[in-house]
Structure formats: structure tokens, C-alpha cells
Amino acid sequence: MPIRTILLGLGGAAALVHVVSYIIIMAALDRRGYKTNFFLARIYFGRYLRAYKEATVKETGKPGPLYGSCLLAIVLALVFVIAGVLSPRG
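Once a new chain begins, its residue numbering starts again from 1 and follows that chain's sequence as written. The predicted origin of the model limits local features to residues at a pLDDT of at least 70 and limits the giving and counting of side-chain atom pairs to 80 or more, whereas totals for whole chains, interfaces and linings rest on all residues. Values reported for side chains reflect all heavy atoms of the structure, with hydrogen atoms and water molecules removed beforehand.

So what exactly am I meant to see when it comes to the packing of aromatic side chains here?
Centre-to-centre distance and the angle between the planes together describe a pair of aromatic rings. Working definition: rings of Phe, Tyr and Trp (its six-membered ring) pair if their centres are within 6.5 Å, and the pair is stacked with planes under 30 degrees apart, edge-to-face with planes over 60 apart, and tilted otherwise. Across all of its chains, the model carries four aromatic pairs by this definition. A centroid spacing of 5.1 Å and a plane angle of 55 degrees characterise the contact between Tyr22 and Phe45, whose relative ring orientation is tilted. Here Phe45 lies in helix α2 (residues 45–60) and Tyr22 lies in helix α1 (residues 3–31), a separation of 23 residues in the sequence. Taking relative accessible area as the criterion, Tyr22 reaches 8% and is therefore assigned buried. According to the relative accessible area criterion, Phe45 is partly exposed, its value standing at 25%. Helical segments are the DSSP runs of H or I of at least four residues, strand segments are the runs of E of at least two, and each set is numbered from the N terminus. When accessible area is computed with a 1.4 Å probe and restricted to protein chains, residues below 20% of their type maximum are described as buried, those above 50% as exposed, and intermediate ones as partly exposed.

Put into C-alpha cells, the structure is as follows:
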């Protein structure tokens with residue numbers, strides 16, 4: 001299996017983890033009384049992520065586990081896809 005396929009597959013998997021964790025973050029915000037709009041989620045990504053971080057820091061003193069996994073997943077997806085696109089065909 002070519003390295004390009006592996007890297008792009010890992011990028012897709014990381015993007016999927018990002019989307020799932022972001023949906024769970026939005027659900028957690030809804031449970032805390034912060035209204036979220038599913039259809040405008042892409043526009044309000046930073047706002048919802050910041051609100052989740054602030055809410056969990058207020059409750060526990062540190063950011064919630066979904067905050068780090070959401071950011072890590074999107075960074076990994078970006079790195080894997082760029083590496084996959086730049087890798088030679090073969």
C-alpha cells in the first residue's frame with residue numbers, strides 16, 4: 001500500500017475524530033445551558049471551543065478532555081493530509 005494512501009487515510013481518521021469530538025463538545029455546551037446551532041457550527045467553531053474551555057475551567061480548574069482532543073485531531077489531520085499530498089506517487 002502506498003504511503004500516500006496511508007497518510008491520507010490517517011488524515012481522514014483524524015478529521016473524523018475531530019468532528020465527533022466537536023459534536024460532543026456542542027452537546028456538553030447544550031447541557032450547560034449554552035445554546036449552540038448545529039447548522040452554524042463551522043462558523044462558530046472558535047466560539048464554541050472557547051466556551052467549552054471556559055466552562056470546564058470554571059467547573060474543574062482545567063480544560064476538559066474534549067478540548068485537547070479536538071485541537072489535536074484537527075492539527076493531526078492537517079499534518080497528515082499535507083504530508084500525503086506532498087508525498088511522491090508510487
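Please clarify how the nonpolar core should be interpreted in this entry.
Looking at soluble globular proteins, one finds that nonpolar side chains tend to be buried together. In this structure, Tyr22, Ile25, Leu29 and Tyr52 are the most contacted members of the largest nonpolar core, which totals 13 residues. Looking at this core, the elements with two or more residues in it are α1, α2 and α3 (65–86). With five residues, α1 is the largest single contributor of residues to this core. Note on definitions: a residue-residue contact is assigned when non-hydrogen atoms from the two residues lie within 4.5 Å. Discounting chain neighbours no more than four positions away, the residues touching Tyr52 are Ile25, Ala28, Leu29, Arg32, Gly64, Pro65, Leu66 and Tyr67. Each nonpolar core is a collection of buried residues, namely Ala, Val, Leu, Ile, Met, Phe, Trp, Tyr and Cys, held together in the definition by side-chain atoms within 4.5 Å.

Got a minute to help me understand the environment of Ile25 in this structure?
With respect to the helices and strands, Ile25 occurs in helix α1. Taking C-alpha positions, Ile25 is 9.9 Å from Thr36, a pair spaced 11 residues apart along the chain. When near neighbours in sequence (up to four residues on either side) are disregarded, Ile25 contacts Tyr48, Leu49, Tyr52, Leu66, Tyr67 and Cys70.

Explanation requested: the environment of Gly64 in the structure shown.
Counting through the fold element by element, Gly64 comes out in the loop between α2 and α3. In sequence terms Gly64 and Leu10 are 54 residues apart; their C-alpha atoms lie 24 Å from each other. In this structure, Gly64 is in contact with Tyr52 and Thr56, ignoring residues within four places of it in sequence.

Geometric values such as these leave the question of function open.
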